[in-house]
Amino acid sequence: MTAATSLLLFGATGDLSRRMLIPSLFGLHGDGLLHPDLRIIGTARSTLDSGSFRELAAKALEQHLEADRRPPAAVASFLDRLAYVPLDASRTEGFAALAAEVGDPCRLAIFLSTAPSLFGSTIAGLSSAGLACAGARLALEKPLGHDLASSRAINDAVAAAYPESQIFRIDHYLGKETVQNLLALRFGNILFEPLWNATGIQSVQISVGETVGLEGRGDYYDGMGALRDMVQNHMLQLLALVAMEPPARLDPAAVRDEKVKVLRSLRPITAREVESHSVRGQYGAGAILGQPVPGYLDELAKPSDTETFVALKAHVDNWRWKGVPFYLRTGKRVPERVSEIIVQFRDVPHSMFGDAALKANKLIISIQPDENVGLQMMAKVPGLDRDGLKLRAVPLDIGMTNAFADVRRRIAYERLMLDLVEGRQTLFVRRDEVEAQWTWIDAIRAGWAQTGMAVKPYAAGNWGPAAAIALTERDGVSWHD
Ligand code: BG6
């Protein structure tokens, strides 16, 4: 695909646009990575003109980028790329004015970050205005439905105008450096692969914790809950990258083919297993980093059974992962903001060290806030060992920030926006992946509904209810804290 020369940003005045998209595009512009002719056309319902949209963009840069990252000349030339067309996306009429702003409709990238209720009419409008040309590409931001049926409806509406090869479904976790680094770690080193299976690995943990609460997103979040907000997308993508077979090439088909096989191999957690394989929690009042914070229901100001924490025990039913549990947990108002993957290797088959306790190797992949890869290994404690040799687990650590101190870290959306305008699909989620993800998630939700599994309370500042600890301890495994 040739690079786009127009980028249409739907939802251009919204929070995601101001916090992430505009600063990311500016970062790319500042480094000369955008096509010189690329024009960025913002659109939303607000009746702004191009001048006031540029002011909004300038303010977004001021708020979200350090002063030394936005030299005035670069800001000025970036703002020159911007235009704005107000649009009521629920009516097709306005799309002609939008199309008039777009140069070559076949060199067009479209970014939809709008309410899902507007997807259908937006696609119809784009198509009627001639903006669904064969070279156009369309990025879709979550939520892409709230279950398999609604996700299919969106995918069908989009497919009516754009073929899959032009659709870029965003999961911003795939734009994160350390997430892509999983591919490098697994498939750029010979070290791990021979052990990367049920023979070498005892369990895998994936934790994504946030200290924030509802953040005023009650309307969206209360309808979704942690399972659909975080597990359906980000965590299942992480799981797929950890569990997939080595793709033959780093290309969109090869990588996504391998991911979808994993997602389809997830063992369903149905009504029979939900009580033993899942935990739902909801935070009450507590303290985060020493500061008191209110509970979910106080923030929401109405009763709710939405989970703000979920822990799961998953299995990938294939040869490689036979019997290896994948423990997943994610929550709001937990003690720390952290995303990490822990690969727990098995014990050595025989210890020659007598009573000296051996700890099995553990690979700790920290995605955020620190980007780190650490391998916990056994080493001898220095000394003369008159009472026998002593061993201790010590880390073999790669701090990515230090190892790559000379390289500027990009935010996830920089990578994704650049891939979108250049037409590279590898880091975007294919339809069959999303549908496999929803299939697995829907079964869990159906199980919760069938068994009437209510949320268990946890005080803000804890890693979910006590049942989350029991979920792994029952198997003799502890969460990595
Ligand atoms: C979003 C969720 O997809 O991811 C949010 O809707 C969550 O609820 C966010 O806070 C987390 O993203 P990150 O990049 O901060 O880990």
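First things first, this report covers the structure right here in the doc.

Conventions adopted
Residues numbered from 1 in each chain as written. Predicted model: local features only at pLDDT ≥ 70, side-chain atom pairs only at ≥ 80, totals over all residues. Heavy atoms only, no water. Near = heavy atom within 4 Å. Polar contact = N/O pair within 3.5 Å; in protein donor to acceptor, adjacent residues only side chain to side chain. Areas by Shrake-Rupley, 256 points an atom, 1.4 Å probe, with all protein chains shown as cover. Helix = DSSP H or I, 4+ residues; strand = E, 2+ residues; numbered from the N terminus. Nonpolar A, V, L, I, M, F, W, Y, C, P; charged D, E, K, R; others polar. Expected span 1.5 Å × (residues − 1). Buried < 20%, exposed > 50% of the residue type's maximum accessible area, 1.4 Å probe, protein only. Contact = heavy atoms within 4.5 Å. Pairing = 2+ DSSP bridges. Axes fitted to C-alpha atoms, helices over the stretch in contact; angles between N-to-C directions. Phe/Tyr/Trp six-rings, centres within 6.5 Å; stacked < 30°, edge-to-face > 60°.

### Remarks on the site of the ligand
- Near the ligand you find Lys142, His172, Tyr173, Lys176, Glu210, Arg217, Asp229, Met230, His234, Lys332, Arg337 and Gln368, and these make up its full shell.
- Within the contact set of the ligand, an oxygen atom lies 2.4 Å away from a side-chain nitrogen or oxygen of Glu210.
- Within the side chain of Asp229, a nitrogen or oxygen atom sits 2.6 Å from an oxygen atom of the ligand.
- For the ligand, the accessible surface in isolation is 400 Å², of which the surrounding protein chains cover 83%.
- Considering each element in turn, the shell around the ligand owes the most residues, three residues, to helix α8 (residues 218-243).
- Residues that form the shell around the ligand fall into these classes: two nonpolar, three polar and seven charged.

### Some thoughts on helix α9 (residues 252-265)
- Compared with an ideal rise of 1.5 Å per residue, which puts 14 residues at 20 Å, α9 spans 20 Å between its outermost C-alpha atoms and is within 8% of the ideal.
- Those residues of α9 that sit buried are Ala254, Val255, Arg256, Glu258, Lys259, Val260, Val262, Leu263 and Ser265.
- If you follow the buried residues of α9, they end up packed against α8, β11 (309-315) and α14 (431-451).

### Overview of the sheet that holds strand β7 (residues 201-209)
- Spatial ordering of the open sheet is given by β16-β15-β14-β13-β7-β12-β11-β8-β17, a layout of nine strands whose pairing is mixed. Sheet topology places β16 (391-399) and β17 (456-459) at the edges, where each strand pairs with a single neighbour. Between one strand axis and the next, the sheet turns through 20 degrees on average, direction left out of account.
- Relative to strand β14 (residues 362-368), strand β13 (residues 338-345) runs antiparallel, the two being bridged by six bridges. For Ile341, the partnering residue across the bridge sits in β14 and is Ile365.

### Quick look at the packing of aromatic side chains
- This model, assessed by the stated rule, comprises twelve aromatic pairs.
- A ring pair is formed by Tyr283 and Tyr296, whose centres lie 5.7 Å apart and whose planes are at 80 degrees; its orientation type is edge-to-face. Linking Tyr283 in strand β8 (residues 278-284) with Tyr296 in helix α11 (residues 296-300), this pair joins segments that are 13 residues apart in sequence.
- For Tyr283, a relative accessible area of 2% translates into the label buried.
- On the basis of an interplanar angle of 65 degrees and a centroid distance of 5.7 Å, the ring pair of Phe309 and Tyr458 is categorised as edge-to-face.

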